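The chain contents come next:
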Amino acid sequence: MPELPEVETICRGLTLLCVGARVLDVHIHRAGFIQGSKKHIDLLTNLTIARVHRHGKQFALESVCGRALLFHMGMSGSLTVHPFQSTRAKHVHVHWTLMKGNKKFELHHKDPRRFGYVQPFFSIQEIRNDIWSTLGLDALCITADDLLQKFKNKKRSIKASLLDQACVAGVGNIYADETLFQSGIHPLRNAGSISLPELEKMIKRLRIILNRSIQGGGSSIQDHQDACGRAGTFQNCHQVYGRGGEPCEICGSILKQTLCVQRTTVFCSACQPRNK
Ligand SMILES: [Zn+2]
């Protein structure tokens, strides 16, 4: 699933390519892909795209008149720009024809696994109130003090807490494992047992990892591509994710693999001791 860096990569591309473009036409190829109670509003036809907003793993296109479209990329979603009248790939469920200057082009929303969707809203404020208010603070903004409050008296593990979008928005399996490794925190440690200095270190590492990944275009494990269709490169920098059974880059111990909230979790038991 695209996590914060992958979604931010898509947003940056859309800002560059689509802000200032007018939507000439929308083609819906699978009706079920449009969700929510406002399906009667069209998907920005005749409106000009003014801004791209992101919160955690979700983002929205806002038009000049204020109307907005929320995008959820599901497990395998992509939103890519193509020349006008390009051949549509399999699994493109919606495509928009846009015009910027005198150039027509298309925006294709592809989602082979069909967990994603598009949801129209009357305003970005409505998205903030209805959808994003149920999420935690964005992972690039949250502080150690915020997490200390959220983890107080919590019995679940730090890994489960980081994956919970209501706790912190934007972190998934890749960046949770990488952050905990670089912070020396065992993924199954109780979140409530982690001290403020440890959380401060963890948040610092989290931000560095997310920003490095954004600079590298995100991690392309399966399908991730930016708005121009380019794959990311940060998968080459993963120190633990997907490396269970391989040696730790720091101490040489064999990395362990376990399950936490049904997600494969990789860690180094020497660098991330459990009994702290
Ligand atoms: Zn190690």
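Summary of the structure given here. Keep in mind that what you see is a predicted model, and the values were worked out from it rather than measured. (Residues numbered from 1 in each chain as written. Predicted model: local features only at pLDDT ≥ 70, side-chain atom pairs only at ≥ 80, totals over all residues. Heavy atoms only, no water.)

Turning our attention to the coordination of the zinc ion. Each protein donor to the zinc ion is listed here as Cys 248 (SG), Cys 251 (SG), Cys 268 (SG) and Cys 271 (SG); together their distances run 2.3 to 2.4 Å. Geometry at the zinc ion is tetrahedral, judged from its four donor atoms and the angles of 100 to 114° they form at the metal. Sequence positions of the residues that donate to the zinc ion give the spacing C-x2-C-x16-C-x2-C. Of this pair, Cys 248 sits in the loop between α6 (196–215) and β11 (256–260) while Cys 271 sits in the segment after β12 (263–267); the two residues are 23 residues apart in sequence, bridging distant segments of the chain. Cys 248 gets classed as buried once you look at its relative accessible area, which sits at 5%. When its relative accessible area of 22% is taken as the criterion, Cys 271 is described as partly exposed. (Donors = N, O, S within 2.8 Å, 3.2 Å for Na, K, Ca; no water. Tetrahedral: all angles 85-135°; square planar, octahedral: opposite > 155°, others 65-115°. Helix = DSSP H or I, 4+ residues; strand = E, 2+ residues; numbered from the N terminus. Buried < 20%, exposed > 50% of the residue type's maximum accessible area, 1.4 Å probe, protein only.)

With that settled, consider the environment of Ser 76. Tracing the sequence through the fold places Ser 76 in the loop between β4 (68–72) and β5 (78–83). Look at Ser 76 and you get buried, because its relative accessible area is 3%. Sequence separation between Ser 76 and Arg 114 is 38 residues, and the spatial gap between their C-alpha atoms is 7.8 Å. Of the polar contacts made by the side chain of Ser 76, one reaches the backbone nitrogen of Arg 113; its length is 3.1 Å. (Polar contact = N/O pair within 3.5 Å; in protein donor to acceptor, adjacent residues only side chain to side chain.)

In this section: empty space enclosed by the protein. By rolling a water-sized probe across the atoms, one finds the places where empty space is left. Going through the model one piece at a time under the given rule, you end up with one cavity of 30 Å³ or more. When its volume is computed, the largest cavity comes out at roughly 30 Å³. As for the largest cavity, its lining consists of Met 1, Pro 2, Lys 57, Gln 58, His 72, Met 73 and Gly 74. For the lining of the largest cavity, the residue count by class is three nonpolar, three polar and one charged. (1 Å grid on protein atoms, 1.4 Å probe; cavity = no way out; pocket = protein on both sides within 12 Å on 5 of 7 lines; lining within 4 Å. Points joined across faces, edges and corners; volume = space filled by probe spheres on them. Nonpolar A, V, L, I, M, F, W, Y, C, P; charged D, E, K, R; others polar.)

With that settled, the discussion passes to the nonpolar core. Counting 28 residues, the largest nonpolar core has Leu 14, Phe 59, Phe 71, Leu 79, Trp 96 and Leu 98 as the members making the most contacts within it. Counting only elements with at least two residues in this core, the list comes to α1 (4–18), β1 (22–28), β2 (49–55), β3 (58–63), β4, β6 (92–100) and β7 (103–110). The element best represented in this core is α1, accounting for five residues. The contact partners of Leu 14, leaving out residues within four places of it in the chain, are Val 19, Val 52, Phe 59, Leu 61, Leu 79, Leu 107 and Ala 227. (Core = buried A, V, L, I, M, F, W, Y, C linked by side-chain atoms within 4.5 Å. Contact = heavy atoms within 4.5 Å.)

Another aspect to go through is unusual backbone geometry. Phi is positive for His 91, close to 75°, though the residue is something other than glycine. Residue Gln 262 is not a glycine yet carries a positive backbone phi of 65°. Structurally, Gln 262 can be placed in the loop between β11 and β12. On the accessibility criterion, Gln 262 (72% relative accessible area) is exposed.

Relative to the helices and strands, Gly 116 resides in the loop between β7 and β8 (117–121). Measuring from C-alpha to C-alpha, the distance between Gly 116 and Phe 33 comes to 7.4 Å, with 83 residues separating the pair along the chain. Setting aside residues no more than four positions away along its own chain, Gly 116 makes contact with Phe 33, His 72, Met 73, Gly 74 and Asp 111.

As a further point, take the sheet that holds β1. Strand order in the open sheet formed by four strands is β1-β6-β7-β5, with antiparallel pairing between adjacent strands. Looking at which strands have only one partner, the edges of the open sheet turn out to be β1 and β5. Averaged over all pairs of adjacent strands, the angle between strand axes in this sheet comes to 20°, irrespective of strand direction. In this structure, β5 lies alongside β7, joined through six bridges in antiparallel fashion. Residue pairing in the sheet places Thr 80 in a bridge with His 108 of β7. (Pairing = 2+ DSSP bridges. Axes fitted to C-alpha atoms, helices over the stretch in contact; angles between N-to-C directions.)

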